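# Descriptive analysis of the structure
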Amino acid sequence: AEWLSIRVIERLDGVSMATIRRDRQRELRAAGRSGTPRLSELITFPAWVRASERYKDTMYALAFVAVDALLERHGMPAVIDYFKRFATSDDRSAAFRAAFGEDHRSFEAVLARRLWP
């Protein structure tokens with residue numbers, strides 16, 4: 001949701017996506033790996049609530065950077081395909097593999113290398 005809202009504001013000349021991307025990455029690097037949740041910790045709403053108590057806004061920065069990376073690597077059609085798959089199945093792992101051609105762990109590894117080279 002944040003990624004999309006920033007794109008809209010960017011189109012209205014209100015903010016630069018590159019600036020927000022850099023700020024979110026900087027925030028995550030400053031927090032370090034131990035101050036940033038794993039994506040696997042953010043699967044359900046109760047998990048988000050627990051993570052927000054522990055990680056505060058860092059989890060939103062991670063979600064933004066993860067969405068940005070997925071869109072960069074696979075494009076909007078793949079992201080939409082991922083969510084469409086939930087109409088017929090709750091298997092998030094299978095949906096992720098089918099939509100993006102990789103599993104959660106490999107994507108988390110790519111994301112970690114981007115954030116903490």
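Scope of this entry: the structure provided in the associated data block. Predicted, not measured: the structure shown is a model, and the values here were computed from it.

## Topic: the overall build of the protein
Each helix and strand counted, the protein has 7 helices and 0 strands in total. Reading the protein from its N end, one meets helices and strands in the order α-α-α-α-α-α-α. For the protein, whose C-alpha radius of gyration is 14 Å, the value lies close to the compact-globule estimate of 13 Å for 117 residues. When its C-alpha atoms are laid out on the principal axes, the protein stretches across 35 × 35 × 30 Å. Residue burial in the protein is summarised as follows: out of 117 residues, 34% are buried. Within the protein, counting contacts between residues at least 6 apart in sequence, those at least 24 apart form 52% of the total. Taken as a whole, the protein presents about 7,300 Å² of accessible surface, with 55% of it coming from carbon and sulfur. Placing the 20 positive and 16 negative side-chain charges of the protein at their respective mean positions leaves the two points 4 Å apart.

Parameters and conventions
- Residues numbered from 1 in each chain as written.
- Predicted model: local features only at pLDDT ≥ 70, side-chain atom pairs only at ≥ 80, totals over all residues.
- Heavy atoms only, no water.
- Helix = DSSP H or I, 4+ residues; strand = E, 2+ residues; numbered from the N terminus.
- Rg over C-alpha atoms; globule rule 2.2 N^0.38 Å.
- Buried < 20%, exposed > 50% of the residue type's maximum accessible area, 1.4 Å probe, protein only.
- Contact = heavy atoms within 4.5 Å.
- Areas by Shrake-Rupley, 256 points an atom, 1.4 Å probe, with all protein chains shown as cover.
- Lys, Arg positive; Asp, Glu negative; His and termini not counted.
- Charge placed at Lys NZ, Arg CZ, Asp CG, Glu CD.

In short, shape yes, function no, at least from these values alone.
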